[in-house]
Amino acid sequence: MSERTDLLLAIADDELVLGWRNSEWTGIAPFLEEDVAFSSIAQNEIGHARALYELAAAELGTTADELAFDRKPEEYRCAPLVELRRLEWARTIARHWLYETADEIRLETLMASADPALAGLAAKMDREEAYHRMHAEMWVDRLLGTEEGRMRLHEAVDELWPYALGVLDDALRPELVRRAAERLGRDLPDVEPVPRGVHEAELADLWEEMTMVRRSAPSGAQW
Amino acid sequence: MIFEVFRQERKGQPFQHAGTVTAPDERFAEIYAREQYGRRQESVALWLVPREAVSQISEFPDEFEMKYRRVDGYSIKARLREAREKAGTLETAPGAEE
């Protein structure tokens, strides 16, 4: 597998699994408007995953569906940050914001890539991600606006920080450290990243649910 | 806060009331309105108006029943019938069977 497909799959898996995790709030988000907005963001992430899988599939001679659903959980390349199941709003917002901050750095480098297909797709994704970032940033401001919110956000960010560091490679990681510290107005814990390639126990349960329908049908079924 | 949302379906068309969003402030409202009224490409623009900014009037006294000022003031039906009777075309007029 080329370095390119490796990268495509890593990002696609991030977007698919995060989209899936975020969709777990559908129907139970704190209020109706947020429910609609967060579900819509989750759908966008899955749309990005599909576009990335298609690029990888063209190179590998397979299909987006096969890449998304026919691999074993241990074959996924997503960062452990997106695998965590944290159905608690402060942690959900903290992860959302950490991921979007890291993803923006990653997209910036992809948009500057010499590979026109990759750079073009990154630019398309970025135009939607801009609204995800607006959503994340407004929540961060909101939480920082009260004592309780501030406490809960900081606690959640600290808990997730080693995972957030694992989204980016060594070259891009320092930029995430810089942006997060600047935004929060404080230093973040000096910890080792939880790297891509190891998986959280929660991924297996998510994989079961995510691939259930596809596995229930005979192979080659048309959807 | 409640915001009244007006939606423009195509450029040049009038904005029409689409519904509301409830949000803690304008910034949240903009994000929520975008997702609720725009994510399916059903709008080219949205107006968000805080409900308290809307002035409503709802009293329109008409004590002397000045029908001639209303757009539907005169019933044209009766006058048309009269005219047709005079012209002898009542039976052939559209809707004559009624």
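Predicted model only: the values in this text are computed from it and were never measured.

Quick notes on the rules
What you see as residue numbers is a count from 1 along each chain, following the sequence as written. As a convention, the first chain written is A and the first ligand written is 1, with the rest following in written order. Since the coordinates come from a predicted model, pLDDT governs what is reported: local features require at least 70, and pairs of side-chain atoms require 80 or more to be given and counted, while whole-chain, interface and lining totals use all residues. What counts as a helix is a DSSP run of H or I of at least four residues, what counts as a strand is a run of E of at least two, and both are numbered from the N terminus. The reference for a compact globule is 2.2 Å times residues^0.38; the radius of gyration itself is calculated from the C-alpha atoms. Three classes are used. A residue is buried when 20 or more other C-beta atoms lie within 10 Å of its own, exposed when 12 or fewer do, and partly exposed in between, with C-beta atoms placed from the backbone. We call two residues in contact whenever the C-beta atoms placed from their backbones are within 7 Å. Asp, Glu, Lys and Arg are counted as charged, while Ala, Val, Leu, Ile, Met, Phe, Trp, Tyr, Cys and Pro are counted as nonpolar; the rest, among them Gly, fall into the polar class. One less than the residue count of a helix, multiplied by 1.5 Å, gives the span that helix is expected to have. Joined through C-beta atoms within 7 Å, a set of buried Ala, Val, Leu, Ile, Met, Phe, Trp, Tyr and Cys residues constitutes a nonpolar core.

**Q** Could you give me a rundown of the overall build of chain A, with the residues and numbers involved?
**A** Along the backbone of chain A there are nine helices and zero strands. Each helix and strand of chain A, ordered N terminal to C terminal, gives the series α-α-α-α-α-α-α-α-α. A globule of 223 residues ought to have a C-alpha radius of gyration of about 17 Å, and chain A, at 17 Å, matches this closely. Each principal axis of the C-alpha distribution contributes one length, and for chain A these read about 55 × 40 × 30 Å. Of all 223 residues assigned to chain A, the portion counted as buried reaches 37%. In chain A, of all internal contacts separated by at least 6 residues, the share reaching a separation of at least 24 is 72%.

**Q** Lay out the interface of chain A and chain B in plain terms, naming residues and giving numbers.
**A** It is common to give the size of an interface as the accessible area lost on bringing the parts into contact. Of the residues lining the interface, nine residues belong to chain A; the matching set on chain B comes to twelve residues. Those elements that provide at least two residues to the side of chain A that touches chain B are helix H2 (32–60) and helix H6 (116–144) of chain A. Top contributing element to the side of chain A that touches chain B by residue count: H6(A), with five residues. Grouping the amino acids of the side of chain A that touches chain B by side-chain chemistry returns five nonpolar, two polar and two charged.

**Q** Residue-level account of the environment of B:Lys86, with values.
**A** All names here are of chain B. Among the secondary structure elements, Lys86 is positioned in helix H2 (residues 76–87). Among the residues examined, Lys86 registers 9 C-beta atoms within 10 Å and is labelled exposed. On a C-alpha basis, the gap between Lys86 and Pro61 in space is 39 Å, while along the polypeptide they are 25 residues apart.

**Q** Explain helix H8 (residues 173–184) of chain A residue by residue, including any values.
**A** Between its first and last C-alpha atoms H8(A) spans 17 Å; for twelve residues at 1.5 Å apiece the expected length is 16 Å, and the two agree. With its phi angle positive at about 70 degrees, A:Gly185 sits one or two positions after the end of H8(A).

**Q** Describe unusual backbone geometry, listing the residues and the values that go with them.
**A** Residue and element names in this part refer to chain B. At Gln41, a position not held by glycine, the phi torsion is positive, near 60 degrees. Looking at the secondary structure, you find Gln41 in the loop between helix H1 (26–38) and strand E3 (45–50). Its 6 C-beta neighbours within 10 Å are what place Gln41 among the exposed residues.

**Q** Summarise the nonpolar core; cite the residues concerned and give the values.
**A** Counting residues in each nonpolar core, the largest one holds 53 residues, and the members touching the most others are A:Leu81 and A:Ala164. Setting aside chain neighbours within four positions, we find A:Leu81 in contact with A:Arg95, A:Leu98, A:Tyr99, A:Leu160, A:Tyr163, A:Ala164, A:Gly166 and A:Val167. One finds A:Phe38, B:Phe3, B:Phe28 and B:Ala33 within the second-largest nonpolar core, a separate group that totals 14 residues.

**Q** Could you give an account of the environment of A:Ile28, with specific residues and numbers?
**A** Residues and elements named next belong to chain A. Within the fold, Ile28 resides in the loop between helix H1 (3–23) and H2. Owing to 8 C-beta atoms within 10 Å, Ile28 belongs among the exposed residues under this scheme. When the C-alpha positions of Ile28 and Leu87 are compared, they lie 9.8 Å apart, and in sequence the two are 59 residues distant.

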